[in-house]
Amino acid sequence: MFRNNYDNDAVTFSPQGRIFQVEYAQEAVKQGSVVVGLVNKTHAVLVGLKRNAEELSSYQKKIIEIDSHMAIAIAGLASDARVLSNFMKQQSLGSKMTYGRPIPLDRIVAQIGDRAQTNTQHYGKRPYGVGLLVAGVDEAGPHLFEFQPSGLTHEMVACAIGARSQMARTYLERNLDKFQDCSRDELIQHGLSALKETLSQDKELTIDNTSVGVVGVTNGKKESFKLYEGQDTAALLEVLEQRESAGAEGESMEVDS
Amino acid sequence: MNHFPEAWGRPRNDVYGAYDHSYLQTSGPKAHTSSPAVTGTSVVGVKFNGGVAIATDNLASYGSLARFSDVKRLRNFGDKAMVGFGGDVSDMQYLDRLLDSMDIKENYSHHGNMLNAKNLHTYLAKVFYKRRSEFNPLWNHVLVAGFDGQGEPFLSSADLLGTTFSAPHLATGFGAHLAVPILRRKFPEGTPLEQVSKEDAVEALKECLKVLFYRDARSADKYSIAVITKDGIDLKEDEQIQGQSWAFAERIRGYGAQTA
């Protein structure tokens, strides 16, 4: 049942210098369905693949709005994500109350990072079983951060976490150059394309299982976070399909020449 | 010899009577600040085209005594904003330390201190309101000068109750009575900011400080003035009121040592 004696709690190192409970928590992130995030100079986009527990049940929410200027996408234990998102909502509201400003992204990400790290250093506690992508805008522009159960946080230009997310990361790495100066709508399409890469043969993106969140700055003015779900994603998926078929033609033409 | 140390160094009880402990009473209700001790007087501020100018004199009074004559009552918040303090000087020093630690904390962030004057003013008003709600007020009336989130010049006041007030020109304390009418005459209501130059604003402040020195008995002729523009803060802390004329004093009758 146990891998060894060193994984009973999150405070004990193994002789190899590893903390197994934290590694198991990171496995929980890999079990979650995939979410993709990407930023360019003007916008930050989150896209997620929603799962339903059974045919007749509703889909699990993947993107949670924290405030009008930021949102998180989750992979892993949704209940742990709820604890973290409630905390983030409180902090964000607190910043608006006391300073009259939306909380800067690096600040709130550092706060959840510290909280998660604390959980790995106290006996009787466990790490959060969830990974987050935090996207939003502040005074310094749009940002994307990755958060891991270990408490590790990174600022990213593009990132994917969750099941089969390697495929999405490969797409993002290949197309990185195209993000920086592209438009809001193109950035969404890149996100959807990356998401599509992760799907297994028998799956496809539908209006039921796709979530898209966008936030950014246009002409120096902040654009509030907008979440596309259900019927709202139909137009976006249609564009994706057109691009794919156009892309396929383009590829075959390249082969011909 | 008396072997009880608490009795050493005291007048002998058998000669002078027992010590009256009522002077050292520690029971009874706990008292917070109910009046300021060492105080600064007026702060004056004017918005102009492209920035804000703010000024105070350098005096800290102990009651009517001009106790400290080189007290800097304009304090900076990073390189973003200036705060001019009227009222209790020790509370000013507390708030200054608070703002300095906040600036340091902000600067740990990757993008540096992103709090602007407007954010700072909101925060200070909240601090004042919290303290007055604890019946332990910070006895100050402050002006905050700088820029808001849109990059527009910002000038606003906050007092010991947490009350906030904003206008193109503001003054606290005695200045609220003496300087504001002067500023309203110089820059009538509805004057567009574009028509107020930096030089006009600075000149108006100097005029206000001079009138305040004439008529406010808790003021001094040494002053500090800060001009905040997009280029940064230009702070002068050792200025002298120029061109005084006390001729008007001759005509004052009704108080003081007069023979006629």
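All values derive from a computational prediction rather than experimental measurement. (Residues numbered from 1 in each chain as written. Chains lettered and ligands numbered in written order. Predicted model: local features only at pLDDT ≥ 70, side-chain atom pairs only at ≥ 80, totals over all residues. Heavy atoms only, no water.)

## Concerning the overall build of chain B
The following threshold applies: Going along the chain from the N terminus, every DSSP run of H or I of four or more residues is numbered as a helix, and every run of E of two or more is numbered as a strand. All radius of gyration figures rest on C-alpha atoms, and the globule criterion is 2.2 Å times the number of residues raised to 0.38. Here's how the labels work: a residue is buried when its accessible area is under 20% of the maximum for its type, exposed when over 50%, partly exposed in between, all with a 1.4 Å probe on protein chains only. Any two residues having at least one pair of non-hydrogen atoms within 4.5 Å are treated as being in contact. For the area figures, the Shrake-Rupley method with a 1.4 Å probe applies, and any residue is considered shielded solely by the protein chains shown.
Each helix and strand counted, chain B has five helices and 13 strands in total. Computed over its C-alpha atoms, the radius of gyration of chain B comes to 23 Å, more than 25% above the 18 Å expected for a compact globule of 260 residues. For chain B, the spread of C-alpha atoms along the three principal axes comes to 80 × 70 × 30 Å. Each of the 260 residues in chain B was classed as buried or not, and the buried ones make up 44%. Considering only residue pairs separated by 6 or more positions, chain B has 62% of its internal contacts joining residues 24 or more positions apart. For chain B, the exposed surface amounts to about 14800 Å²; the carbon and sulfur share of it is 52%.

## Focus on unusual backbone geometry
All names here are of chain A. Although it is not a glycine, R164 adopts a positive phi angle of roughly 60 degrees. Here R164 shows up in the loop between β8 (158-161) and α4 (165-174). Even without glycine at this site, N219 takes up a positive phi of about 50 degrees. Its place among the elements puts N219 in the loop between β9 (210-218) and β10 (221-229).

## Some remarks on the nonpolar core
Note the threshold: Nonpolar cores were defined as sets of buried Ala, Val, Leu, Ile, Met, Phe, Trp, Tyr and Cys residues, with membership established by side-chain atoms within 4.5 Å.
Judged by nonpolar contacts, the single largest core of 27 residues is most densely connected at V83(B), L95(B), M102(B), L120(B), L124(B), V142(B) and V144(B). Counting residues per element, the ones that place at least two in this core are β7 (81-88), α2 (89-107), α3 (117-133), β8 (140-147) and β9 (153-159) of chain B. Ranked by the residues each element gives to this core, the list is headed by α3(B), at seven residues. Core analysis: the second largest hydrophobic core is formed by 26 residues, V47(A), A158(A), I188(A) and L195(A) among them.

## Concerning the interface of chain A and chain B
Heads up, the condition is: When two parts are brought into contact, each loses some accessible area as probed by a 1.4 Å sphere; the total of that loss over both is the buried area. One side-chain nitrogen of Lys or Arg within 4 Å of one carboxyl oxygen of Asp or Glu is enough to make a salt bridge. Each polar contact in these results corresponds to two N or O atoms within 3.5 Å; when the atoms are within protein, one needs to be able to donate a hydrogen and the other to accept it, and residues that are neighboring in sequence are counted only if both atoms are side-chain atoms.
Taken residue by residue, the interface counts 12 residues in chain A and 11 residues in chain B. When the two sides are added together, the surface that chain A and chain B hide from each other amounts to roughly 1100 Å², 54% of it contributed by carbon and sulfur. The largest share of the area that chain A buries against chain B comes from Y99(A), R101(A) and R107(A), three residues that together contribute 47% of it. With a closest N to O distance of 3.0 Å, E106(B) and R101(A) form a salt bridge. Remark: the boundary between chain A and chain B carries seven residue pairs in polar contact (both at pLDDT 80 or more).

## Examining the sheet that holds strand β5 (residues 130-138) of chain A
All names here are of chain A. The condition that has to hold: Two strands form a pair only when DSSP identifies at least two bridges running between them. Axes here refer to lines fitted to C-alpha atoms; in helices the fit is confined to the stretch in contact. Angles between the N-to-C directions go from 0 to 180 degrees.
Ordered by their spatial adjacency, five strands build an open sheet running β3-β4-β5-β6-β7, and the pairing between neighbours is antiparallel. Strands at the two margins of the open sheet, each flanked by one partner only, are β3 (63-67) and β7 (153-155). Each strand axis lies, on average, 20 degrees off the axis of its neighbour in the sheet, ignoring direction. Here helix α3 (residues 105-119) sits on the sheet in contact with β4 (70-76), β5, β6 (141-147) and β7, set at roughly 160 degrees to β5.

## Section: the pairing of strand β12 (residues 222-229) of chain B
Residue and element names in this part refer to chain B. Of all eight residues in β12, seven are buried; the element is thus mostly enclosed. As paired elements, β12 and strand β13 (residues 232-240) share seven bridges and run antiparallel to each other. By the bridge assignment for β13, T229 is matched with G232. Between the antiparallel neighbours β12 and β13 lie two residues.

## Things to note about the packing of aromatic side chains
Formally: By convention, a stacked pair of Phe, Tyr or Trp rings (six-membered ring in the case of Trp) has centres within 6.5 Å and planes under 30 degrees apart, an edge-to-face pair has planes over 60 apart, and any other such pair is tilted. Any Lys NZ or Arg CZ found within 6 Å of a ring centre and within 35 degrees of that ring's normal is scored as a charge over the ring.
Applying the stated rule across the entire model yields six aromatic pairs over all chains. Each member of the aromatic cluster is reached from another via a ring pair, and the members are F213(B), Y214(B), W246(B) and F248(B). Sitting over the face of the ring of Y99(A), R101(A) holds its NZ or CZ atom 5.6 Å from the ring centroid. Over the face of the ring belonging to Y228(A) we find K226(A), whose NZ or CZ atom lies 4.6 Å from the ring centre.

## Here we look at the UniProt feature "domain: Proteasome alpha-type subunits" (unreviewed entry) in chain A
Where we set the bar: UniProt positions are given in the numbering used here, feature names are shortened, and annotations may be inferred rather than shown by experiment.
Annotation from UniProt places "domain: Proteasome alpha-type subunits" (unreviewed entry) at residues 6-28 of chain A. Here residues 6-28 of chain A runs as 39% helix and 0% strand, with 19 Å between its end C-alpha atoms.

## Details of the confidence of the model for chain B
Keep this limit in mind: The predictor rates its confidence in each residue with pLDDT, a number between 0 and 100.
Summary statistics for chain B give a mean pLDDT of 93 and a share of 97% for residues scoring 70 or more. Here the predicted complex carries an ipTM of 0.86, next to a pTM of 0.87.

## Focus: the pairing of β8(B)
For a regular strand, the rule is simple: side chains alternate between the two faces of the sheet. All names here are of chain B. Along β8, seven of the eight residues are buried, which leaves the element largely enclosed by surrounding structure. For β7 and β8, the ladder comprises six bridges, and the chain directions are antiparallel. Its bridge partner being in β8, G84 is matched across the sheet by L143. Of the pairings in the sheet, the one linking β8 to β9 comprises seven bridges and is antiparallel in character. Within β9, the residue paired with V142 across the bridge is A158.

## Overview of the packing of helix α2 (residues 78-99) of chain A against α3(B)
Defined as follows: Note on angle classes: values under 35 degrees are labelled roughly parallel, values over 145 roughly antiparallel, values of 65 to 115 roughly perpendicular, and the remainder oblique. The classification used treats Ala, Val, Leu, Ile, Met, Phe, Trp, Tyr, Cys and Pro as nonpolar, Asp, Glu, Lys and Arg as charged, and all other residues, Gly among them, as polar.
In contact at an axis separation of 7 Å, α2(A) and α3(B) are set at 90 degrees when each is read in the N-to-C sense. As far as their axial angle goes, α3(B) and α2(A) are roughly perpendicular. Two secondary-structure elements touch here, α2(A) through M97(A), T98(A) and Y99(A) and α3(B) through N119(B), T122(B), Y123(B) and K126(B). Residue composition of the contact of α2(A) with α3(B), by class: three nonpolar, three polar and one charged.

## Some remarks on the sheet that holds β9(A)
All names here are of chain A. The five strands lie next to each other as β8-β1-β2-β9-β10, forming an open sheet whose pairing is antiparallel. Of all the strands in the sheet, just β8 and β10 have a single pairing partner and so form its edges. Averaged over all neighbouring strand pairs, the angle between strand axes comes to 5 degrees, with direction disregarded. α4 rests against β1 (35-39) and β8 of the sheet, and its axis sits at about 170 degrees to β8.

## With respect to the pattern of salt bridges
Overall, the coordinates contain 17 salt bridges over all chains when judged by the stated rule. Here D181(A) and K41(A) are joined by a salt bridge, their closest N and O atoms 2.9 Å apart. You can see D181(A) sitting in the loop between α5 (176-179) and α6 (184-197) and its partner K41(A) sitting in the loop between β1 and β2 (43-49), a full 140 residues away along the chain. Residue classification places D181(A) among the exposed residues on the basis of a relative accessible area of 63%. A salt bridge links E223(A) to R184(A); its shortest N-O distance comes to 2.7 Å. With E223(A) in strand β10 and R184(A) in helix α6, this pair connects stretches of sequence that are 39 residues apart. The buried category is assigned to E223(A), whose relative accessible area is 17%. Judged by relative accessible area, which is 18%, R184(A) ranks as buried. Residues participating in the shared-partner salt-bridge network are R101(A), R107(A) and E106(B).

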